[in-house]
Amino acid sequence: MSPIPDPGSIKHPFNDPTRQNWAFGKRAVPKLVEESTAADHDLKLQALHSLTCRLHDQLDVSEALATPLIDSVKGSMAHPQALIRARAAEILALLTEQEEGRVQAIAKGTLPVVMDRFTDTDTATRTFAYKTPVNLTQWEHLVPQVFASAPTLVDALLANVAPQSKHDFSILTLLLTTLQQLVTHGGVPVVTHALDRDIVKTLTAFLRTLTGGVAARTQALLALAAVCTHVCRLPAVLPACQRGGVIAVVLAAVESDPAPAVRAAALEVMAALSIHVDAKKELVKAGAAELLMRVLGNGGEEGQDVYVLIHALSAVSSLAEDAGARYTFQDAIQLLEDLKAHPDPLVAKTATTATQVVTWRS
């Protein structure tokens, strides 16, 4: 009797790159690209599926990008069959994980086609459609090109925050990650456009629902922080934050959210917004100084999370320029002194700066 093979040694033929080349030798990828445009739906789907299995290898991606594959999948994104749309969207997401694929995808105008799939009835298609702009916007040098080729991308993302928050948190996280990367890397042009589309109101409304999961809420707050960094440069930022109730949302997140990542992101918003004199006064009036005292004085979870400490100390440094806040922080001087000996060098450095700002006029 033949020995029973180890299940871990058995590879499915569709996922074994050494067997995928048997059919066409070195022409496997070009042949599959050719078949991906076939009128026969079954042949087309099989070719697209085989391509999704191959495009995890950089050499295969480079070979595929030398063919009209991007143009082919653009046409397949609107196919009546959900499986074909999903595989086409997946291929585009895989191609844009490589720099050459990102450049080609932008140059060939794929984003408007991708944006049409943001509301696709098929979950897999929708997921991969949101994955592509995440890949395109994570690199700062590409964001201006992304914005130039699809200026309504911000609009489409903001329009889908509320609908996706009711359906799929993983898709919502991809959506908010793209939005955060756009406003972080896009600078004044993207932030100005986003403010005109009520980004602050949309994100604060979502955060008030207390839904979406830790990753989505963190990305929403980081997007707000990126907008707030322009509070002294763009006159529209502070009024938008006032209308959206940003301070109340941020203080509530710092006070009660159980996730350290969310609290750290909320503190980052506070630190960014507080560089504006009027925003600083509003934060102090709302009790931000006392809240920061509680965060720094808590020896439990907050005290153990490095990012919560760093952003809390940054907020202290900024708020301490206000006389009232500086007076409140006098009771925290010993806490700040203790944190100067923190094992994390960045926490220690930030605590040193905060101590200097709090005590410089005392």
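Residues numbered from 1 in each chain as written. Predicted model: local features only at pLDDT ≥ 70, side-chain atom pairs only at ≥ 80, totals over all residues. Heavy atoms only, no water.

Asker: Can you break down the packing of helix 18 (residues 246–256) against helix 21 (residues 288–297) residue by residue, with the values?
Answerer: Remark: helix 18 packs on helix 21, axes separated minimally by 10 Å, with the N-to-C direction vectors making an angle of 20 degrees. On the basis of their axis angle, the class for helix 18 and helix 21 is roughly parallel. For the pair helix 18 and helix 21, the sense of crossing is left-handed. Contact residues: Leu251, Val254 and Glu255 in helix 18; Ala288, Leu291, Arg294 and Val295 in helix 21. The residue inventory of the contact of helix 18 with helix 21, partitioned by class, reads five nonpolar, no polar and two charged. (Axes fitted to C-alpha atoms, helices over the stretch in contact; angles between N-to-C directions. Helix = DSSP H or I, 4+ residues; strand = E, 2+ residues; numbered from the N terminus. Parallel < 35°, antiparallel > 145°, perpendicular 65-115°, else oblique. Left-handed = near helix turned anticlockwise from the far one by under 90°. Contact = heavy atoms within 4.5 Å. Nonpolar A, V, L, I, M, F, W, Y, C, P; charged D, E, K, R; others polar.)

Asker: Could you give me a rundown of the side chain of Thr350, with the residues and numbers involved?
Answerer: Topologically, Thr350 is positioned in helix 26 (residues 345–359). Not counting the four nearest positions on each side in its chain, Thr350 is found in contact with Ile310, Leu313, Ser314 and Ser317.

Asker: Report on unusual backbone geometry, specifying residues and quantitative values.
Answerer: At Asp198, a residue that is not glycine, the phi angle is positive and equals roughly 60 degrees. You can see Asp198 is positioned in the loop between helix 14 (187–196) and helix 15 (199–208). Although it is not a glycine, Leu210 sits at a positive phi angle of roughly 60 degrees. For Leu210, the position within the fold is in the loop between helix 15 and helix 16 (213–228). According to the relative accessible area criterion, Leu210 is exposed, its value standing at 67%. (Buried < 20%, exposed > 50% of the residue type's maximum accessible area, 1.4 Å probe, protein only.)

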